[in-house]
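Here's the letter readout for the chains.
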Amino acid sequence: MAWIIATCVVAITIMMIVVQFAISRAVMRMLENAPPLNAGVFAADSRAAELSFTTEDGLTLQACHFKQTDRPSRGLVLFCHELGGSRWSAMAYCEGLFAAGFEVLSFDFRNHGSSDKQPGYEPLHWMTEFELADARGALQFIESRNELSIQPLGIFGVSRGGSTALAAASTSDAVECVASESAYSTRSMMSLFSQRWVSLLVPQWMAGWIPAWHVELSLTGGRLYSQFKRKCRYVHLERTLASLKNRPVLLISGQRDNYVRPEIAKSLHELLGNTTADLWMVPKARHNGARQADQESYDQRLVEFFSTLSNNRTQESTVDKPQVSKSVR
């Protein structure tokens, strides 16, 4: 009898492992099914000077610098574009900042625009260590250039670029404030859509009986399987947002965003857990469409927010400026 029971336990365990593996593979396929975000295509802007820098893993990324030529700069804003976008999309979001006297530096992430391609890597809507490395490379480049490093620095990004902006800001003491539109964390997005995935994987009558821990296990398995297959590591904002609790943060979300739902922005706002974080919900705005929905308010909000950048740096302050190894962790 004991032998029969032991055999049954082993058989059930093996069956559960096989089923869990199959579910994880199915979740992985859903994870890698990028939504049609339809990033805009923008031509080169003659107002910008073209630059380039090299990441720590040896890729050359193309950048552009919108510099103030007829007045002193009020600060430098590093812009991180969306999936499928390029450095030239910066002015679709930062035109108001530039008109108000701020300088903007934008760059093409790897495998985007004119930047180097990483063999074997296909960017998806999930932020990985590679996008974070690109943003960190941009910060190191800024620190290495005297005309850039003397300026007070902020970061602004949209969609996956917004998530990257938040993560990169948490690694740099030089970044004084960070704004993002339609940003999201990998785990919160997965959790939001988990019930939709469950309904596709199992019969509707069974979905309500699946415990939360099993859903989370399947999500974790799918995420790990996807990382193994893509040879990358996803970055989880939940682990980094605490580093921003003492810095100004602006989160922008469209109330009609069907991809990054407003509750995602609210969860990020709660995770920040500080009084210096502001959440602006834009009526009628879709994904990355807040400026299109209300350009005047959008530009005004960004200008007011980045005006918090300190203006006490002078040309003479370069003697005591921090080294790259200290400001970019």
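Above this text sits the structure in question.
Counting starts from 1 at the beginning of each chain's written sequence and moves along it residue by residue. Per-residue local features of the predicted model are confined to residues with pLDDT of at least 70, and side-chain atom pairs are confined, for both listing and counting, to 80 or more; whole-chain, interface and lining totals are unaffected and use all residues. Note that the side-chain values use all heavy atoms of the structure and ignore hydrogens as well as water.

S.K.: Can you help me understand the pairing of strand S5 (residues 153-158) in this one?
M.R.: Counting buried positions along S5 gives six out of six residues, so the element sits mostly inside the fold. A pair of strands is treated as paired once DSSP finds two or more bridges between them. Elements are defined by DSSP. Helices are runs of H or I of four residues or more, strands are runs of E of two residues or more, and each kind is numbered from the N terminus. Relative to S5, strand S3 (residues 76-80) is paired through five bridges, and the arrangement is parallel. Looking at S5, one finds that Val 77 is bridged to Gly 154. Sheet analysis places S5 next to strand S6 (residues 175-181), joined by six bridges and oriented parallel. Paired with Ile 155 across the two strands is Val 178, which belongs to S6. With respect to chirality, the unit in which S5 leads through helix H5 (residues 160-169) into the neighbouring parallel S6 is right-handed. Remark: exposure states derive from per-residue accessible area (1.4 Å probe, protein chains only) relative to the maximum for the residue type, with buried under 20%, exposed over 50%, and partly exposed in between. Handedness rule for crossovers: strands pointing away from the viewer, path from the first strand over the helix to the second running clockwise, crossover right-handed.

S.K.: Explain the packing of aromatic side chains here, please?
M.R.: The relative placement of two aromatic rings is captured by the distance of their centres and the angle of their planes. Aromatic contacts are taken between Phe, Tyr and Trp rings whose centres are within 6.5 Å, Trp giving its six-membered ring; a plane angle under 30 degrees counts as stacked, one over 60 as edge-to-face, and the others as tilted. With the rule as written, the count across this model stands at twelve aromatic pairs. For the ring pair Phe 66 and Phe 98, a centre distance of 5.9 Å and an interplane angle of 70 degrees mean the geometry is edge-to-face. Of this pair, Phe 66 sits in strand S2 (residues 60-66) while Phe 98 sits in helix H2 (residues 90-99), and the two are 32 residues apart along the sequence. When the NZ atom of lysine or the CZ atom of arginine is within 6 Å of a ring's centre and also within 35 degrees of its normal, the charge is said to sit over that ring. The positively charged end of Arg 160 is found above the aromatic ring belonging to Phe 109, 5.5 Å away from the centroid.

S.K.: What is the right way to look at the packing of helix H3 (residues 129-144) against H5 in this model?
M.R.: The description of two packed helices rests on the angle between their axes and on the distance between the axes. At their nearest, the axes of H3 and H5 sit 9 Å apart, and the two run at 60 degrees to each other. Comparing the axis directions of H3 and H5 gives the class oblique. Taken as a pair, H3 and H5 cross one another with a handedness that is right-handed. Every residue of H5 that contacts H3 at Glu 131, Leu 132, Ala 135 and Leu 139 is listed here: Arg 160, Thr 164, Ala 167 and Ala 168. In this classification, the charged set is Asp, Glu, Lys and Arg, the nonpolar set is Ala, Val, Leu, Ile, Met, Phe, Trp, Tyr, Cys and Pro, and all remaining amino acids, among them Gly, are polar. Considering only residue class, the contact of H3 with H5 consists of five nonpolar, one polar and two charged. Every axis corresponds to a line fitted to the C-alpha atoms, with the helix fit spanning only the stretch in contact, and the corresponding angles, defined between N-to-C directions, vary from 0 to 180 degrees. Convention used here: angles under 35 degrees read as roughly parallel, angles over 145 as roughly antiparallel, angles from 65 to 115 as roughly perpendicular, and any remaining angle as oblique. Should the near helix be turned anticlockwise from the far one by less than a right angle, the crossing is left-handed, and should it be turned clockwise, the crossing is right-handed. Contact between two residues is taken to exist if any of their heavy atoms lie within 4.5 Å; hydrogens are not considered.

S.K.: Could you clarify how one ought to interpret the packing of H2 against helix H11 (residues 295-306) in this entry?
M.R.: Contact geometry for H2 and H11: axes closest at 9 Å, N-to-C directions at 60 degrees. Comparing the axis directions of H2 and H11 gives the class oblique. Considering how the two elements wind past one another, H2 and H11 form a crossing that is right-handed. Packed against H2, whose contacting residues are Tyr 93, Gly 96 and Leu 97, the element H11 presents Tyr 298, Asp 299, Leu 302, Val 303 and Phe 306 at the interface. Partitioned by chemical class, the residues of the contact of H2 with H11 number six nonpolar, one polar and one charged.

S.K.: In this structure, what is going on with the environment of Ala 135? I would like to understand it.
M.R.: Tracing the backbone through its elements, the reader meets Ala 135 in helix H3. Residue Ala 135 is classed as buried on the basis of its relative accessible area, which comes to 0%. Counting along the chain gives 55 residues from Ala 135 to Cys 80, while the straight-line C-alpha distance between them is 7.6 Å. Setting aside anything within four residues of it in sequence, one finds Ala 135 in contact with Leu 78, Phe 107, Thr 164 and Ala 168.

Any functional reading would require information beyond the geometric quantities listed.
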